[in-house]
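One-letter residues, chain by chain:
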Amino acid sequence: MSETTVTVESSSTGGSCCGSCGSGTGKAPATAAAERAVFQVKGMTCGHCVSSVTAELEKVAGVTEVAVDLATGQVTVDSTAPLADTDVAAAIDEAGYALIGRIGA
């Protein structure tokens with residue numbers, strides 16, 4: 001994904017404004033470029049499984065978001081930089097499940 005910067009411009013005149021109310025000119029903070037990886041995980045059967053896998057993956061440095069599809073066993077992980085499969089495997093193992101592998105890599 002690429003960085004996004006949003007600029008809000010006002011047509012009103014006079015006075016300075018920080019831009020947070022939308023009446024001035026301001027820039028929203030740019031977000032860091034994100035990486036997305038999808039992994040196949042074996043052994044998840046319920047909401048507790050999803051919570052455990054999510055919690056462990058969120059501890060991995062750089063992970064910004066985790067989405068688990070319980071029906072397929074696919075886990076999508078967004079991060080600020082590419083993740084090492086060994087780090088992902090260790091987190092999933094810590095949660096009590098098995099990493100089958102990366103999908104589409």
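Enquirer: Help me out: how do you make sense of the overall build of the protein chain in this one?
Expert: Looking only at helices and strands, the protein chain features two helices and six strands. Starting at the N terminus and ending at the C terminus, the protein chain contains elements arranged as β-β-β-α-β-β-α-β. The buried share of the protein chain, taken over its 105 residues, is 28%. Across the protein chain, contacts joining residues at least 24 apart in sequence account for 54% of those joining residues at least 6 apart. Accessible area for the protein chain stands at about 6500 Å²; split by element, carbon and sulfur atoms hold 51% of it.

Enquirer: Please clarify how the packing of helix H1 (residues 47–58) against helix H2 (residues 85–95) should be interpreted in this entry.
Expert: Here H1 crosses H2 at 140 degrees, and the two axes come no closer than 8 Å. For the element pair H1 / H2, the angle class is oblique. Note on packing geometry: the crossing formed by H1 with H2 is right-handed. For the pair H1 and H2, contact is made by Ser52, Val53, Glu56 and Leu57 and by Val88, Ala91, Ile92, Glu94 and Ala95, respectively. Taken together, the residues of the contact of H1 with H2 sort by class into six nonpolar, one polar and two charged.

Enquirer: Can you walk me through the environment of Glu58 in this structure?
Expert: Along the chain, the position of Glu58 falls in helix H1. For the pair Glu58 and Val77, spaced 19 residues apart in the sequence, the C-alpha separation amounts to 9.0 Å. For Glu58, the contacting residues outside a window of four places in its chain are Val63 and Val66.

Enquirer: Just checking my understanding: could you explain the nonpolar core for this structure?
Expert: Side chains of nonpolar character tend, in soluble globular proteins, to be buried together. In this structure, Met44, Val53, Leu57, Val75, Val77 and Tyr97 are the most contacted members of the largest nonpolar core, which totals 18 residues. Among the elements of the structure, strand E3 (35–42), H1, strand E4 (63–69), strand E5 (74–79) and H2 are those that each provide at least two residues to this core. Among the elements that line this core, the one with the most residues is H2, at four residues.

What counts and how
- Residues numbered from 1 in each chain as written.
- Predicted model: local features only at pLDDT ≥ 70, side-chain atom pairs only at ≥ 80, totals over all residues.
- Heavy atoms only, no water.
- Helix = DSSP H or I, 4+ residues; strand = E, 2+ residues; numbered from the N terminus.
- Buried < 20%, exposed > 50% of the residue type's maximum accessible area, 1.4 Å probe, protein only.
- Contact = heavy atoms within 4.5 Å.
- Areas by Shrake-Rupley, 256 points an atom, 1.4 Å probe, with all protein chains shown as cover.
- Axes fitted to C-alpha atoms, helices over the stretch in contact; angles between N-to-C directions.
- Parallel < 35°, antiparallel > 145°, perpendicular 65-115°, else oblique.
- Left-handed = near helix turned anticlockwise from the far one by under 90°.
- Nonpolar A, V, L, I, M, F, W, Y, C, P; charged D, E, K, R; others polar.
- Core = buried A, V, L, I, M, F, W, Y, C linked by side-chain atoms within 4.5 Å.

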